[in-house]
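# Architecture at a glance
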Amino acid sequence: MVFYRSVSLLSKLRNRVVQQPSLTNSVRWLQIQTSSDLDLHSQLKELIPEQQERLKKIKSEYGKVQLGNISVDMVLGGMRGMTGLLWETSLLDPDEGIRFRGLSIPECQKVLPAAKPGGEPLPEGLLWLLLTGKVPTKEQVDALSKELRSRATIPDHVYKTIDALPVTAHPMTQFTTGVMALQVQSEFSKAYEKGIHKSKYWEPTYEDSLSLIAQVPAVAAYVYRRMYKNGERIPMDDSLDYGGNFAHMLGFDGPEMQELMRLYVTIHSDHEGGNVSAHTGHLVASALSDPYLSFAAALNGLAGPLHGLANQEVLLWIKSVVDECGENITKDQLKDYVWKTLNSGKVVPGFGHGVLRKTDPRYMCQREFALKHLPDDPLFQLVSKLYDVVPPILTELGKVKNPWPNVDAHSGVLLNYYGLTEARYYTVLFGVSRAIGICSQLIWDRALGLPLERPKSVTMEWLEAHCKKAA
Ligand code: NMX
Ligand code: MLT
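This write-up is about the structure you can find in this document. (Residues numbered from 1 in each chain as written. Chains lettered and ligands numbered in written order. Predicted model: local features only at pLDDT ≥ 70, side-chain atom pairs only at ≥ 80, totals over all residues. Heavy atoms only, no water.)

## Side note on the overall build of the chain
A count of helical and extended segments in the chain gives 22 helices and three strands. Taking 471 residues into account, the globule formula puts the C-alpha radius of gyration at 23 Å, and the chain, at 22 Å, falls close to it. When its C-alpha atoms are laid out on the principal axes, the chain stretches across 65 × 60 × 55 Å. Out of the 471 residues belonging to the chain, those deemed buried represent 54%. A sequence separation of at least 24 residues applies to 76% of the contacts in the chain between residues at least 6 apart. (Helix = DSSP H or I, 4+ residues; strand = E, 2+ residues; numbered from the N terminus. Rg over C-alpha atoms; globule rule 2.2 N^0.38 Å. Buried < 20%, exposed > 50% of the residue type's maximum accessible area, 1.4 Å probe, protein only. Contact = heavy atoms within 4.5 Å.)

Written as structure tokens, this is what we have:
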């Protein structure tokens, strides 16, 4: 059934490609596969030479084509708008939002296999899509779920390493420490020590990446259980998929929470290459640091309040609104609270974006989930009121480029509704999800032989002298 629905949507997508040439490059890959191609590794092996040739051709034919001019504003403004990275797995449009290998979130919800008819996409399906550019069948996704389960055992030293930290340490510190402890098993670093040929780098990177993706939910769940549930670990359930198992190991077995986790992990996985976590992972990996080292570095960027920590900040902020004004706060009271936040020199968490200029589609699909499953929840209603109240205020400030909500504005109230109320933990969930996007691209980084990243920096003195000369 999922298969036939997918075929019909794919044919609609292909028709659209004819009308929108900009989509051609990513969607041209889309195929429905036969259920006999169950092995992801051999699929990749087949795809890599073709993509290596493609990159070679781009370099030789278009190497000198200009992609834009770099202005002083860009250098001083956090490199906004400066195209400087190759990132194959997803592309962000400022107005339309993210596309994973050419597919928008609503399209992924339609074509990626689900745990139940009409359900949310399975993150393993997204991993397959990101790695191969192809929409997997349910059989392929089931095979990948099984493979991830087979790689998910956590060595005992990882728990002991986390246990060495105070239980009050921030969950992101504990999680990243666990990821660093996993690094001792890196196949890539062992192979490099033995002198592996560069043409083979992608193979141990693939091994490390799949193992890392398989293991992060159990490490993350341990951090949660250690901090909030007396350290009682819940073993994996072999009958469950990736997202369902993650919810289960955290201690949530309700079917709606499992569906939420599948959606959550899918939509947080990848957001093209320039965001702080993805860019950090990519940069560190460009030194041929293995996937564990690179992903741990990415997590440290995700732990910042302007990036992934914003999901924690949003729920804490919403709870502070409720503490001060109650759940039935009026829009006028809410406006006053927003101004109070801004006037105290803080940002309104969950609003704004470095690239997006409209409401984040990841916000919208979480809103749809809430409308379906928890329309009467008071905190969801508060989030809806914020959607009306905050954008005009941020617009009035006159400097905010995007007044609309981002992904983090919504996730907390959904998790809170199902009993995952500990806001300080939320960024860890984001981190688990981001392993899928960052590691998928890392495999391609090594397969395509992408070089060490090393942009040029300049001093203010250099800028002054250069600009005077140019004036
Ligand atoms: N509340 C208050 N001020 C804001 C906000 C906001 N939500 N968003 C932007 N501004 C300010 C920003 O601080 C800057 O002020 P100043 O010139 O005084 O330094 C000015 O508006 C211009 O910033 P922009 O160019 O609009 O945004 P930028 O690309 O620099 O930053 C964010 C993007 C996401 C860091 C920023 O919008 C923000 O701080 N948002 C709140 C935190 C947040 O939700 N982060 C999560 C992003 C998504 N994620 O998961 O990573
Ligand atoms: C992300 O998902 O990484 C955030 O939306 C931030 C970004 O894209 O810059």
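## Structural notes on the pattern of salt bridges
Across all of its chains, the model carries 18 salt bridges by this definition. Between Glu61 and Lys57 there is a salt bridge whose closest N-O contact spans 3.9 Å. Here Lys57 and Glu61 lie together in helix 3 (residues 40–62), a separation of four residues that amounts to about one turn. Overall, the relative accessible area of 46% leaves Glu61 in the partly exposed class. Residues joined in a network through salt bridges with shared partners are Glu96, Arg99 and Glu107. (Salt bridge = Lys/Arg side-chain N within 4 Å of Asp/Glu carboxyl O.)

## Focus: the pairing of strand 1 (residues 90–93)
The alternating pattern of strand 1 places Ser90 and Leu92 on a buried face and Leu91 and Asp93 on a face that is not buried. Alignment of strand 1 against strand 2 (residues 97–100), held across four bridges, turns out to be antiparallel. If you follow Ser90 over to strand 2, its bridge partner there is Phe100. In sequence, strand 1 turns back onto strand 2 through a hairpin of three residues. (Pairing = 2+ DSSP bridges.)

## With respect to the site of ligand 2
The immediate surroundings of ligand 2 are formed by His271, Asn275, His307, His353, Arg362, Phe430 and Arg434. For ligand 2, an oxygen atom lies 2.7 Å from a polar atom in the side chain of His271. Take Asn275: an N or O atom from its side chain is 3.5 Å from an oxygen atom of ligand 2. Burial of ligand 2 by the surrounding chains reaches 83%, relative to a free accessible area of 260 Å². Grouping the amino acids of the shell around ligand 2 by side-chain chemistry returns one nonpolar, four polar and two charged. (Near = heavy atom within 4 Å. Polar contact = N/O pair within 3.5 Å; in protein donor to acceptor, adjacent residues only side chain to side chain. Areas by Shrake-Rupley, 256 points an atom, 1.4 Å probe, with all protein chains shown as cover. Nonpolar A, V, L, I, M, F, W, Y, C, P; charged D, E, K, R; others polar.)

## A closer look at the pairing of strand 2
Pairing analysis gives two bridges linking strand 2 to strand 3 (residues 103–104), with the strands arranged antiparallel. Following the sheet pairing, Arg99 is matched in strand 3 by Ser104. Taking the residues that link successive antiparallel strands as the turn, the strand 2-strand 3 hairpin has two residues, and the phi of Arg101 there is positive, at about 45°.

## A closer look at helix 6 (residues 123–132)
A turn of α-helix holds 3.6 residues, and therefore any two residues three or four places apart point the same way. Counting buried positions along helix 6 gives ten out of ten residues, so the element sits mostly inside the fold. If you check which residues of helix 6 are buried, you get Pro123, Glu124, Gly125, Leu126, Leu127, Trp128, Leu129, Leu130, Leu131 and Thr132. Remark: Gly133 follows helix 6 within two positions and exhibits a positive phi of approximately 75°.

## Concerning the environment of Gln51
Relative to the helices and strands, Gln51 is located in helix 3. For the pair Gln51 and Gly345, spaced 294 residues apart in sequence, the C-alpha separation works out to 48 Å.

## Concerning the packing of aromatic side chains
Throughout the structure, instances matching the rule amount to twelve aromatic pairs. With a centroid separation of 6.2 Å and 25° between ring planes, the pair formed by Phe188 and Tyr192 is classed as stacked. With Phe188 and Tyr192 both in helix 10 (residues 187–194) and four residues apart, this pair spans about one turn of that helix. The exposure class of Phe188 is buried, given its relative accessible area of 3%. The class for Tyr192 is partly exposed, based on a relative accessible area of 44%. Ring-pair connections join several aromatic residues into one group, and the members of that group are Tyr224, Tyr228, Phe252 and Tyr425. Between the NZ or CZ atom of Arg233 and the centre of the ring of Tyr159, over which it lies, the distance is 3.6 Å. (Phe/Tyr/Trp six-rings, centres within 6.5 Å; stacked < 30°, edge-to-face > 60°. Lys NZ or Arg CZ within 6 Å of the ring centre and 35° of its normal.)

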